[in-house]
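What follows is each chain in one-letter form.
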2 protein chains.
Amino acid sequence: MINFPIKKLNTNNTTNNTNFSSRGMNLEVEINETNQYYLTNNIAVIHKKPTPVQIVKVNYPSRDKAVITEAYYKVPSTTDYNGIYKGKYIDFEAKETKNKTSFNLNNVHPHQVKHLTQISQHGGIGFFIISFSTLGEVYLYDIKPFLEFWNNKDLPTGRKSIPYLEIKTNGKKIDLGYLPRLNYLKKVDDLYF
Amino acid sequence: MINFPIKKLNTNNTTNNTNFSSRGMNLEVEINETNQYYLTNNIAVIHKKPTPVQIVKVNYPSRDKAVITEAYYKVPSTTDYNGIYKGKYIDFEAKETKNKTSFNLNNVHPHQVKHLTQISQHGGIGFFIISFSTLGEVYLYDIKPFLEFWNNKDLPTGRKSIPYLEIKTNGKKIDLGYLPRLNYLKKVDDLYF
């Protein structure tokens, strides 16, 4: 979520026609299009939550128009995505890294981990979608193995990142395709149903 | 932690000993505090979604500060609240009316109805929380009986509102209390479990 303003500014994506794995991928766009596909085809109802904004000043230049002229990004208290699939509550956070060998735990915020832990405790499905953008590989990685790394990260013996190989081994690699772009629910099927 | 929201609400409430129903109630505040209570007590994980905003201009007066200087309200594509309770996906929209005899369907937006219908079709629990603020009564009203009125509203024989008596009869009246303020999950228990 802290990445949001940076992502927003990332409009310099000029190479659209390369193959799926090497293309400069915007994970958020891929997921949003996939969710739209799921919705249209009545497969699942999963939405991205709006970016939380603290609105300070609003102008009304005309009766029915409101322009927000001062606002600030707020730290969200949950993850970016949630919804329902096959009757089950689904919740996840999407993360992108350029690193090829590990996923740095600095990319994740404590409130996201706390929220996904709560979801899991209440019987929901909670996970991360982690994109190794340089490798062109995207994984679904459940909150439970994630927690083993997270909870140890501040111990003298703990590491500050999750090895790529761990995610490759215990996560599920998501196929990159055309329709849907990023069929992560197929991996939800494999892992949770 | 539990006391925090209550203290906050009591600041402008000088007559603490009056009955709950006569107090000037802000439905959104009541629900948010109730959800906070559910979260703190590990009963459910239900959050209000942020207001969707289209951000147009952001200034960076300093490296780590972002000020949004132009933004617009967007029409949301879902409801205000969702989450998980007893392993089930929960989704609802909260509405307040001053009318004592009916709930005007103009208060509801088509995207909210569409979304709740989808949720219901996918096996989730979808409903409205409707506050008759003048009466001091709040009801949980399922999306299914709601749809019977909604789908007929544009017919020559249809009505543009749902009678209070219908909601009183087929909805579930939510107790107004102290902790939690608005224990709507008790009615979810009655209706769906």
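Small disclaimer: the values here were computed from a predicted structure and weren't measured.

### A short note on the pairing of strand β3 (residues 65-73) of chain B
In this structure, strand β3 (residues 65-73) of chain A lies alongside β3 of chain B, joined through two bridges in antiparallel fashion. For Ala71 of chain A, the partnering residue across the bridge sits in β3 of chain B and is Ile68 of chain B. Between strand β2 (residues 53-62) of chain B and the antiparallel strand that follows it, β3 of chain B, lie two residues.

### Details of helix α2 (residues 27-40) of chain A
For α2 of chain A, with 14 residues, the first-to-last C-alpha span of 20 Å sits near the 20 Å given by 1.5 Å per residue. The positive-phi residue at the C-terminal boundary of α2 of chain A is Asn42 of chain A, with phi of around 60°.

### What about helix α6 (residues 184-192) of chain B?
Among the residues making up α6 of chain B, those that are buried are Tyr184, Leu185, Lys187 and Val188 of chain B. Down the axis of α6 of chain B, the buried side of the element spans an arc of 150°, and every buried residue falls inside it.

### Section: the pairing of β3 of chain A
In this sheet, β3 of chain A lies alongside strand β2 (residues 53-62) of chain A in antiparallel orientation, the contact comprising seven bridges. By the bridge assignment for β3 of chain A, Val58 of chain A is matched with Ile68 of chain A.

### Notes on the relation of the copies chain A and chain B
The operation relating chain A to chain B is a screw motion whose rotation component is 180°, with 0.1 Å of axial translation and a residual RMSD of 0.2 Å. The transformation relating the two chain copies, once decomposed into turn and shift, fits a two-fold axis. Within chain A, Thr69 of chain A has its C-alpha nearest the rotation axis, a separation of 2.1 Å. The fraction of interface residues of chain A whose copies in chain B are also interface residues reaches 90%, indicating that both copies meet through the same surface.

### A look at the environment of Asn107 of chain A
All names here are of chain A. As for its position among the elements, Asn107 is in the loop between β6 (102-104) and α3 (110-121). Sequence separation between Asn107 and Lys95 is twelve residues, and the spatial gap between their C-alpha atoms is 7.3 Å. Setting aside its immediate chain neighbours within four residues, Asn107 contacts Lys95, Thr97 and Gln112.

### Re the packing of aromatic side chains
For the structure on display, the rule yields 27 aromatic pairs over all chains. Aromatic side chains Phe132 of chain A and Tyr139 of chain A sit 6.1 Å apart centroid to centroid with 80° between the ring planes, which places their arrangement in the edge-to-face category. The class for Phe132 of chain A is buried, based on a relative accessible area of 0%. Judged by centre distance (5.0 Å) and plane angle (5°), the rings of Phe92 of chain B and Phe127 of chain B are stacked.

Basis of the calculations
Residues numbered from 1 in each chain as written. Chains lettered and ligands numbered in written order. Predicted model: local features only at pLDDT ≥ 70, side-chain atom pairs only at ≥ 80, totals over all residues. Heavy atoms only, no water. Pairing = 2+ DSSP bridges. Helix = DSSP H or I, 4+ residues; strand = E, 2+ residues; numbered from the N terminus. Expected span 1.5 Å × (residues − 1). Buried < 20%, exposed > 50% of the residue type's maximum accessible area, 1.4 Å probe, protein only. Arc of directions from axis to C-beta. Least-squares fit on C-alpha atoms with pLDDT ≥ 70 in both. Contact = heavy atoms within 4.5 Å. Phe/Tyr/Trp six-rings, centres within 6.5 Å; stacked < 30°, edge-to-face > 60°.

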